[in-house]
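Spelled out, the chains give:
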Amino acid sequence: RSCWCIVNITVYRDLYVCSRRCYAKQIRKKQQLIKNICLRDYDRKTYAEKEDKQWQKKRHQKRMTMRILDRLKISYEVLSYQCDEFIDGIHTADTLGIPHENCFKTLVLQGKSKGYSVFVLPIEEELNLKECAKAVNEKSVEMIHVKDINAVTGYIRGCCTALGMKKEYPTIIHESALDCPYICVSAGKLGVQLKLSPQDFIKATGAKALDIIHHNS
């Protein structure tokens, strides 16, 4: 009988040891699972932070427009926002919180002589083509086609600016700019605007300030 007791004790001890080992193994599995989840979350967070840093660095890269202003020792402020597709200047102004009268768009026209000229005006206004033609000594002018913007200016639709075009074209800015403490124009890249004084813009582009918009009678 004593032998039977010893056998039972041995069996129970072995079962106890086995159950402890199984329990410890389950605990290790759970710990490893938690560790893997934490590592995965850490890697995902690290990757997101890395991507964000790269995007920030790319976003703040110096554009040709900025280098031109730097070379002329003109002070400016860079305003940027997420922009995957250009909508219009009003959307840009509203996104950045800029008054519409301070946000200017850039349009390129071609004259009867086949020469190009650049017109900068508030985003809500429309050009008076007769006044535009008179401003650049042309018989008539018309807007260039969207598909020709890049070939003529070096920029794409939505980020055209009088600064740093492929060639220097006669540039006219609407005279209302002179009444603004600052104006905002495209920096030559979607989602990036430059904020500077109208006098500095005129200095950088050689623009003339004239009345070129259409007035409602």
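Just above sits the structure.
Keep in mind that what you see is a predicted model, and the values were worked out from it rather than measured. (Residues numbered from 1 in each chain as written. Predicted model: local features only at pLDDT ≥ 70, side-chain atom pairs only at ≥ 80, totals over all residues. Heavy atoms only, no water.)

> I would appreciate a short explanation of the overall build of the protein in the present structure.
Within the protein, the secondary structure is distributed over six helices and eight strands. Listing each helix as α and each strand as β along the protein from the N terminus yields α-α-β-α-β-β-α-β-α-β-β-β-α-β. Relative to its 217 residues, the protein shows a buried fraction of 35%. Long-range contacts, defined as pairs at least 24 residues apart, comprise 63% of the intrachain contacts of the protein with a sequence gap of at least 6. Put simply, the protein shows about 14600 Å² of open surface, and 53% of that area lies on carbon and sulfur atoms. (Helix = DSSP H or I, 4+ residues; strand = E, 2+ residues; numbered from the N terminus. Buried < 20%, exposed > 50% of the residue type's maximum accessible area, 1.4 Å probe, protein only. Contact = heavy atoms within 4.5 Å. Areas by Shrake-Rupley, 256 points an atom, 1.4 Å probe, with all protein chains shown as cover.)

> Quick question: what am I supposed to make of the sheet that holds strand β4 (residues 141–143) here?
Whether parallel or antiparallel, the strands of a sheet pair through hydrogen bonds between backbone atoms. The five strands are arranged β4-β2-β3-β5-β8 in an open sheet whose pairing can be described as mixed. Edge positions in the open sheet fall to β4 and β8 (208–210), since each of these has one partner strand only. Neighbouring strand axes in the sheet, compared pairwise and without regard to direction, differ in orientation by 35° on average. Two elements, strand β2 (residues 104–111) and β4, share three bridges in a ladder whose sense is antiparallel. Within the sheet, the bridge partner assigned to Gln110 lies in β4 and is Glu142. (Pairing = 2+ DSSP bridges. Axes fitted to C-alpha atoms, helices over the stretch in contact; angles between N-to-C directions.)

> Even after reading the chapter, I still don't get the pairing of strand β6 (residues 183–189), so can you show me in this structure?
For a regular strand, side-chain orientation follows a simple rule: the groups alternate between the two sheet faces. Within β6, six of the seven residues are buried, leaving the element largely enclosed by the surrounding structure. When β6 meets strand β7 (residues 192–196), the two strands line up antiparallel, connected through five bridges. When the bridges of β7 are listed, Ser186 appears paired with Gln193. A loop of two residues connects β6 with β7, the two strands running antiparallel in sequence, and Gly191 in this loop sits at a positive phi of about 85°.

> It is not clear to me how the side chain of Thr153 should be interpreted in this structure. Could you clarify?
Secondary-structure assignment places Thr153 in helix α5 (residues 149–153). A polar side-chain atom of Thr153 sits 3.0 Å from the main-chain amide nitrogen of Tyr155. (Polar contact = N/O pair within 3.5 Å; in protein donor to acceptor, adjacent residues only side chain to side chain.)

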